[in-house]
Amino acid sequence: MSCQTNSGTDNADYNRKLVLKWQDAWNTGQTEKLSEFVAPDFICHYLTDVEWRGIEGAKTEITNWRKLFPDWHEEVVDFIIEKDKVVIRYNSTGTHSGTYEGIDSTGTKVMISEVSIFRIKEGKLAEQWCFPDDLGLKNQLIKGLSVSYTHLYQWLFFKATQG
């Protein structure tokens with residue numbers, strides 16, 4: 001998997017807007033218009049071994065992620081644009097409301113930093129390499145889980161001493 005440049009749009013403003021549309025889909029969960037700016041053969045590569053393809057794959061991933069984190073929001077901090085490539089650094093936040101990687105809902109508000117590289121081809125997003133701070137996310141969820149158990153133990157102790 002390389003980020004080697006292929007033919008693509010060389011208009012920085014246009015490419016910036018394409019990526020912002022993608023971010024908006026993740027922020028709102030609205031996937032109805034993905035075909036307007038995502039190529040049919042789009043492929044997303046994650047730092048982990050996760051990979052998904054096509055507009056339907058994108059719709060599924062966005063929908064499933066927003067079930068886990070219904071208030072998910074990605075805020076772009078930096079853009080680097082060169083020919084048909086756009087690199088963004090962004091902060092993502094959300095409240096954990098579903099089972100993620102075996103961790104049941106904790107209600108924990110999380111924040112992670114991410115970097116993504118996009119390749120634009122024929123005016124649409126063709127490829128993404130996404131580098132989320134997955135370890136940071138898991139650490140926050142586990143910490144939230146331990147806080148939940150602490151409250152449970154405190155409640156159980158309180159009930160036991162009231163008897």
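Keep in mind that what you see is a predicted model, and the values were worked out from it rather than measured.

1. Thoughts on the nonpolar core
Among the nonpolar cores identified, the biggest contains 32 residues, and Trp22, Leu34 and Leu125 are the most heavily contacted of them. Apart from residues lying up to four places away in sequence, leucine 125 is in contact with Leu18, Val19, Trp22, Phe37, Val38, Ala39, Phe42, Phe118, Arg119 and Ile120.

2. A few points about helix 2 (residues 54-68)
Between its first and last C-alpha, helix 2 extends 21 Å over 15 residues, near the 21 Å set by a 1.5 Å rise per residue. Buried within helix 2 are the following residues: Gly54, Ile55, Gly57, Ala58, Ile62, Trp65, Arg66 and Leu68. Taken down its axis, helix 2 places every buried residue within 160° of arc, on the same side. Seen from the buried face of helix 2, the exposed residues on the opposite side, beyond 90 degrees, are Glu56 and Lys67.

3. Looking at the packing of helix 1 (residues 12-28) against helix 2
With their axes 8 Å apart at the nearest point, helix 1 and helix 2 run at an angle of 40° to one another. Compared by their axis directions, helix 1 and helix 2 come out oblique. Contact residues: Trp22, Ala25, Trp26, Asn27 and Thr28 in helix 1; Ala58, Glu61, Ile62, Trp65 and Arg66 in helix 2. Split into classes, the residues belonging to the contact of helix 1 with helix 2 amount to six nonpolar, two polar and two charged.

4. Overview of the sheet that holds strand 4 (residues 85-95)
Within the open sheet, the six strands sit side by side as 2-1-6-5-4-3. Their pairing is mixed. The open sheet has two free edges, formed respectively by strand 2 (51-53) and strand 3 (73-82), since each of these has just one partner strand. Between one strand axis and the next, the sheet turns through 15° on average, direction left out of account. Sheet topology note: the strand 3/strand 4 ladder contains nine bridges and is antiparallel. Directly across from phenylalanine 79, in strand 4, lies its bridge partner isoleucine 88. Sheet strands in contact with helix 1 are strand 1 (38-46), strand 2, strand 3, strand 4, strand 5 (109-121) and strand 6 (124-132), and its direction is about 160° off that of strand 3.

Definitions and cut-offs
Residues numbered from 1 in each chain as written. Predicted model: local features only at pLDDT ≥ 70, side-chain atom pairs only at ≥ 80, totals over all residues. Heavy atoms only, no water. Core = buried A, V, L, I, M, F, W, Y, C linked by side-chain atoms within 4.5 Å. Buried < 20%, exposed > 50% of the residue type's maximum accessible area, 1.4 Å probe, protein only. Contact = heavy atoms within 4.5 Å. Helix = DSSP H or I, 4+ residues; strand = E, 2+ residues; numbered from the N terminus. Expected span 1.5 Å × (residues − 1). Arc of directions from axis to C-beta. Axes fitted to C-alpha atoms, helices over the stretch in contact; angles between N-to-C directions. Parallel < 35°, antiparallel > 145°, perpendicular 65-115°, else oblique. Nonpolar A, V, L, I, M, F, W, Y, C, P; charged D, E, K, R; others polar. Pairing = 2+ DSSP bridges.

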